[in-house]
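# Architecture at a glance
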Amino acid sequence: MKRTMFAAAGLGLVGALAALPAVSDAPKPPPAEPVYIARKPVCEDMKLSIYFPAYETMLSSYSVRTLNAATNGLEGCAVTDIDVSVVSEEAHTDGELAQLSEARAAAVIQALSDRGVFAPRIETNFSEVNAKAASAGVPVEPMARRVDVSLDVKPVYGL
C-alpha cells in the first residue's frame, strides 16, 4: 500500500513538472525594434571663435569642424539670439576692411544657417585692430582674423 502511494505521488510530481515552462540560462534576444531613450537637452549659451586664414573669407577645415561640433550640441535647443563680432586687422584701406569683414560675417552666418541654426535676432559688430597702434606701445590683439559668435540658447519644449 505504501509503495502504491509513493508511486502515485511520484507520477503526480512528474506531471506537474512537465506542465511548467522550460527554463533556460540563455539571455533574452534583443528587441526587434530600436528602443528610444529620451534625453534632456543641455541648452547652455555658447561662445565660439572662428579663425580665418590671412586675407581669406572661406572657412577653413578647422573652422568647419568647430561649427559642426557646436551645432551638434544644440539638438533639442532653440537659438534666440546670434551675436557676431568680426575682428580684423589685415585690410589696407577702410573699404577693403569693411568688405573683408562683411564677407567673413556672412560666411559664418551662412554656415550656421546651413546647419539649421536660425535666430529671430542676428546682430553683427565690426572691430578694427589698428596695426599702427603696435608702434605706439599699445599691444595688438593676436589672431585678429576671426569672427566671435555668441549664441543665446534655450530648451525647446513640446514637439
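Rules used in this analysis
Residues numbered from 1 in each chain as written. Predicted model: local features only at pLDDT ≥ 70, side-chain atom pairs only at ≥ 80, totals over all residues. Heavy atoms only, no water. Helix = DSSP H or I, 4+ residues; strand = E, 2+ residues; numbered from the N terminus. Buried < 20%, exposed > 50% of the residue type's maximum accessible area, 1.4 Å probe, protein only. Contact = heavy atoms within 4.5 Å. Areas by Shrake-Rupley, 256 points an atom, 1.4 Å probe, with all protein chains shown as cover. Pairing = 2+ DSSP bridges. Axes fitted to C-alpha atoms, helices over the stretch in contact; angles between N-to-C directions.

## Some details on the overall build of the chain
Secondary structure summary: the chain contains 3 helices and 4 strands in total. Listing every helix and strand of the chain by position from the N terminus yields α-β-α-β-α-β-β. Expressed as a percentage of its 159 residues, the buried residues of the chain come to 26%. In the chain, once contacts between residues fewer than 6 apart in sequence are set aside, the share between residues at least 24 apart is 82%. If you sum the accessible surface of the chain, you get close to 11,500 Å²; carbon and sulfur atoms cover 60% of it.

## Examining the sheet that holds strand 3 (residues 121-128)
Across the sheet, which stays open at both edges, the 4 strands sit in the order 1-4-2-3 with mixed pairing between neighbours. Edge positions in the open sheet fall to strand 1 (46-51) and strand 3, since each of these has one partner strand only. This sheet shows a mean twist of 20° between the axes of neighbouring strands, independent of strand direction. Two elements, strand 2 (residues 77-88) and strand 4 (residues 145-155), share 11 bridges in a ladder whose sense is antiparallel. If you follow valine 84 over to strand 4, its bridge partner there is valine 149. Of the strands in this sheet, strand 1, strand 2, strand 3 and strand 4 touch helix 3 (residues 94-114), which is tilted by about 155° from strand 2.

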